[in-house]
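# Coordinates in review
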Amino acid sequence: MGEEYAVASAESTAAIRELARAEGVFVGPVYTGKGLAGLLDHARSGRIPADSDVAFLHTGDTGNLFEIPQVVGHITD
């Protein structure tokens, strides 16, 4: 997800914002955000069947979350 390694992508930023708005949960902007974006893409594209039970384990990676204005600067849109 994204063009660069260890850099937040547009997809990860969108996924973080979506989860934060829906559930009040923030995940890290790089690795966890990219993983979440991939999970959402798989679910929306049908690669994960709609009736599946899915768990996404978030174990950290929020150290630099609030340094990225594209993520937290626009949460209240």
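Right, let's walk through the structure included here. Everything numeric here is computed off the predicted structure, so don't read it as measured data.

There is a patch of like negative charges on the surface, built from Glu 3, Glu 4, Glu 11 and Asp 41. If you trace the backbone, Glu 4 turns up in the segment before helix 1 (10-23). Residue classification places Glu 4 among the exposed residues on the basis of a relative accessible area of 52%.

The tally for this structure, following the rule as stated, stands at one salt bridge. For Glu 18, the salt bridge is made with Arg 44, and the minimal N-O distance between the two is 2.4 Å. Remark: Arg 44 occurs in helix 2 (residues 31-45) and Glu 18 occurs in helix 1; sequence separation between them is 26 residues.

Turning our eyes to something else, we now look at the packing of helix 1 against helix 2. Between two packed helices, the angle of one axis relative to the other and the distance separating the axes together describe the packing. Remark: helix 1 packs on helix 2, axes separated minimally by 8 Å, with the N-to-C direction vectors making an angle of 80°. Looking at the two axes, helix 1 sits roughly perpendicular to helix 2. Residues Glu 11, Ser 12, Ala 15, Ile 16, Glu 18 and Leu 19 of helix 1 lie in contact with helix 2, whose contacting residues are Gly 33, Lys 34, Leu 36, Ala 37, Leu 40 and Arg 44. Residue composition of the contact of helix 1 with helix 2, by class: six nonpolar, two polar and four charged.

With respect to the helices, strands and loops of the structure, Ser 12 is situated in helix 1. Classification of Ser 12 as buried rests on a relative accessible area of 0%. Side-chain polar atoms of Ser 12 contact the backbone oxygen of Pro 29, separated by 3.2 Å. Among all residues touching Ser 12, those that are not within four sequence positions of it are Pro 29, Gly 33, Lys 34 and Ala 37.

Within the largest apolar cluster, six residues are counted, these being Ala 15, Ile 16, Val 27, Leu 36, Ala 37 and Leu 40. Contributing elements (two or more residues each) for this core: helix 1 and helix 2. Per-element accounting of this core gives the leading share, three residues, to helix 2.

Each α-helix turn comprises 3.6 residues. Residues three or four places apart therefore point the same way. Compared with the 20 Å implied by 1.5 Å per residue over 14 residues, the 20 Å span of helix 1 between its first and last C-alpha is a close match. With its phi angle positive at about 70°, Gly 24 sits one or two positions after the end of helix 1.

How each quantity is defined
- Residues numbered from 1 in each chain as written.
- Predicted model: local features only at pLDDT ≥ 70, side-chain atom pairs only at ≥ 80, totals over all residues.
- Heavy atoms only, no water.
- Patch = residues over 30% accessible without salt bridge, like charges linked within 9 Å, V, L, I, M, F, W, Y side chains within 5 Å.
- Areas by Shrake-Rupley, 256 points an atom, 1.4 Å probe, with all protein chains shown as cover.
- Salt bridge = Lys/Arg side-chain N within 4 Å of Asp/Glu carboxyl O.
- Lys, Arg positive; Asp, Glu negative; His and termini not counted.
- Charge placed at Lys NZ, Arg CZ, Asp CG, Glu CD.
- Helix = DSSP H or I, 4+ residues; strand = E, 2+ residues; numbered from the N terminus.
- Buried < 20%, exposed > 50% of the residue type's maximum accessible area, 1.4 Å probe, protein only.
- Axes fitted to C-alpha atoms, helices over the stretch in contact; angles between N-to-C directions.
- Parallel < 35°, antiparallel > 145°, perpendicular 65-115°, else oblique.
- Contact = heavy atoms within 4.5 Å.
- Nonpolar A, V, L, I, M, F, W, Y, C, P; charged D, E, K, R; others polar.
- Polar contact = N/O pair within 3.5 Å; in protein donor to acceptor, adjacent residues only side chain to side chain.
- Core = buried A, V, L, I, M, F, W, Y, C linked by side-chain atoms within 4.5 Å.
- Expected span 1.5 Å × (residues − 1).

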